[in-house]
Amino acid sequence: MKNINILCCDPGRHSAWIIGEYPEINIPNIFSLYCNEKHFGATLCSFYDTGFDLASNNIDHIVYEEAYVRAVRASRMQFSMIGLLHVIGFQLGAQMWSVHPSKIKKLATGKGNASKEEVIESAKEHIIDKNFRDKVNTSHEADVYWLYKYFIQSDEFMEYLQNEE
C-alpha cells in the first residue's frame with residue numbers, strides 16, 4: 001500500500017493543521033494560523049490560502065473537526081471555513097471527512113465532554129517526541145492532534161481502505 005497523505009484541520013480564527021501519513025511513518029507536521037484581521041473576508045482569504053498551500057502537498061484526504069459553537073459570529077466563521085475546505089478538496093481531488101468534537105474528546109480523555117485543558121494535558125502525556133509535544137500548546141493544536149489520531153484509527157477510514165483494494 002502506498003502512503004496516504006492526510007491533512008487535518010481544526011477551523012477557526014486560530015486554526016491548527018496537521019499533515020500526516022497513513023500508515024504512520026513519520027511524526028506529523030503541525031501548523032497554526034492566527035487570523036486576526038478585522039474584516040471577515042480577509043480572515044477567510046488567509047484561511048483559504050493556508051489550506052490550499054498545505055493541501056497542495058499531494059494530500060489524499062482532508063479531515064476537519066465539525067463546528068460546535070454557540071455564538072453566531074463564531075459559527076458563521078467556522079461554517080465558512082468548512083466550506084472553503086470543501087472547495088480545496090474539490091479543487092485538488094481530496095476525499096473529505098468530518099469528525100464530531102465529542103469523538104475527538106472521547107479518544108483523548110475517555111469522555112466526550114472533556115474540557116480544553118484536559119484535551120491539551122492528554123495530548124502532552126501521549127506525545128512521545130519532545131519537539132512535537134512542545135508544539136502542542138493550545139486547545140486547537142491538541143484538538144487537531146487527536147483529530148488525526150482518531151481518523152487514522154476510525155472504522156470509517158479502515159472501511160474506505162478495504163473498499164479501495
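Structure: above.
To keep things clear, this report deals only with the structure shown in the data block. (Residues numbered from 1 in each chain as written. Predicted model: local features only at pLDDT ≥ 70, side-chain atom pairs only at ≥ 80, totals over all residues. Heavy atoms only, no water.)

**Comments concerning the overall build of the protein**
- Each helix and strand in the protein was counted, giving seven helices and five strands.
- Sequence-ordered secondary structure for the protein, helices as α and strands as β, is β-β-β-α-β-α-β-α-α-α-α-α.
- Its C-alpha radius of gyration of 15 Å places the protein within 12% of the 15 Å reference for a compact globule of 165 residues.
- With respect to the three principal axes, the spread of C-alpha positions in the protein is 45 × 35 × 30 Å.
- Total accessible area on the protein is roughly 8900 Å²; 50% of this is exposed by carbon and sulfur atoms.
- Once the 16 positive and 22 negative side-chain charges of the protein are each reduced to a mean point, those two points are 9 Å apart. (Helix = DSSP H or I, 4+ residues; strand = E, 2+ residues; numbered from the N terminus. Rg over C-alpha atoms; globule rule 2.2 N^0.38 Å. Areas by Shrake-Rupley, 256 points an atom, 1.4 Å probe, with all protein chains shown as cover. Lys, Arg positive; Asp, Glu negative; His and termini not counted. Charge placed at Lys NZ, Arg CZ, Asp CG, Glu CD.)

**Quick word on the side chain of aspartate 143**
- You can see aspartate 143 is positioned in helix 6 (residues 139-153).
- Comment: no salt bridge for buried aspartate 143; closest opposite-charge side chain is lysine 105, at 6.3 Å.
- Beyond its immediate chain neighbours, meaning those up to four positions away, aspartate 143 contacts Asp10, Glu65, Ile104 and Val119. (Buried < 20%, exposed > 50% of the residue type's maximum accessible area, 1.4 Å probe, protein only. Salt bridge = Lys/Arg side-chain N within 4 Å of Asp/Glu carboxyl O. Contact = heavy atoms within 4.5 Å.)

**Points about the state of the cysteines**
- This model, assessed by the stated rule, comprises zero disulfides.
- With no disulfide partner, cysteine 9 has as its closest neighbouring cysteine sulfur the one in cysteine 8, 8.9 Å distant.
- The exposure class of cysteine 9 is buried, given its relative accessible area of 1%. (Disulfide = S-S within 2.5 Å.)

**Considerations on the packing of aromatic side chains**
- In this structure the tally under the stated criterion is nine aromatic pairs.
- Aromatic side chains tyrosine 22 and phenylalanine 157 sit 5.3 Å apart centroid to centroid with 85 degrees between the ring planes, which places their arrangement in the edge-to-face category. Taken as a pair, tyrosine 22 in strand 2 (residues 14-22) and phenylalanine 157 in helix 7 (residues 155-164) lie far apart in primary sequence, 135 residues in all. Taken as a pair, tyrosine 22 and phenylalanine 157 share a single burial class, namely buried.
- Members of the aromatic cluster, each reached through a chain of ring pairs, are Tyr22, Trp97, Phe151, Phe157 and Tyr160. (Phe/Tyr/Trp six-rings, centres within 6.5 Å; stacked < 30°, edge-to-face > 60°.)

**Focus: the nonpolar core**
- Counting 30 residues, the largest nonpolar core has Ile6, Cys8, Ile18, Val63 and Phe157 as the members making the most contacts within it.
- Elements represented by at least two residues in this core include exactly strand 1 (4-10), strand 2, strand 5 (95-99), helix 3 (101-109), helix 4 (116-126), helix 6 and helix 7.
- For this core, the element with the highest residue contribution is helix 6, accounting for nine residues.
- Apart from the residues within four sequence positions on either side, isoleucine 18 is in contact with Ile6, Leu7, Cys8, Pro28, Asn29, Ile30, Phe132, Val144, Tyr145 and Tyr148.
- Membership of the second largest hydrophobic core comes to 22 residues, among which are Trp17, Leu33, Ala67 and Met96. (Core = buried A, V, L, I, M, F, W, Y, C linked by side-chain atoms within 4.5 Å.)

**Here's the deal with the sheet that holds strand 5**
- Strand order in the open sheet made by the five strands is 3-2-1-4-5, with mixed pairing throughout. Each end of this open sheet is capped by a strand with a single partner; those strands are strand 3 (29-34) and strand 5. For this sheet, the mean inter-axis angle between neighbouring strands, taken without regard to orientation, is 20 degrees.
- When strand 4 (residues 61-65) meets strand 5, the two strands line up parallel, connected through five bridges. When the sheet's bridge partners are listed, glutamate 65 is paired in strand 5 with valine 99.
- Contacts between helix 7 and the sheet are confined to strand 1, strand 2, strand 4 and strand 5, with strand 5 contributing the most and set at about 160 degrees to the helix. (Pairing = 2+ DSSP bridges. Axes fitted to C-alpha atoms, helices over the stretch in contact; angles between N-to-C directions.)

**Points about the environment of lysine 111**
- Among the structural elements, lysine 111 can be located in the loop between helix 3 and helix 4.
- A residue is classified by how much of its surface remains accessible, and lysine 111, at 36% relative accessible area, is partly exposed.
- In this structure lysine 111 touches Lys105, Lys106 and Glu118, once residues within four positions along its chain are discounted.
- There is a polar contact of 3.0 Å between the side chain of lysine 111 and the side chain of glutamate 118. (Polar contact = N/O pair within 3.5 Å; in protein donor to acceptor, adjacent residues only side chain to side chain.)

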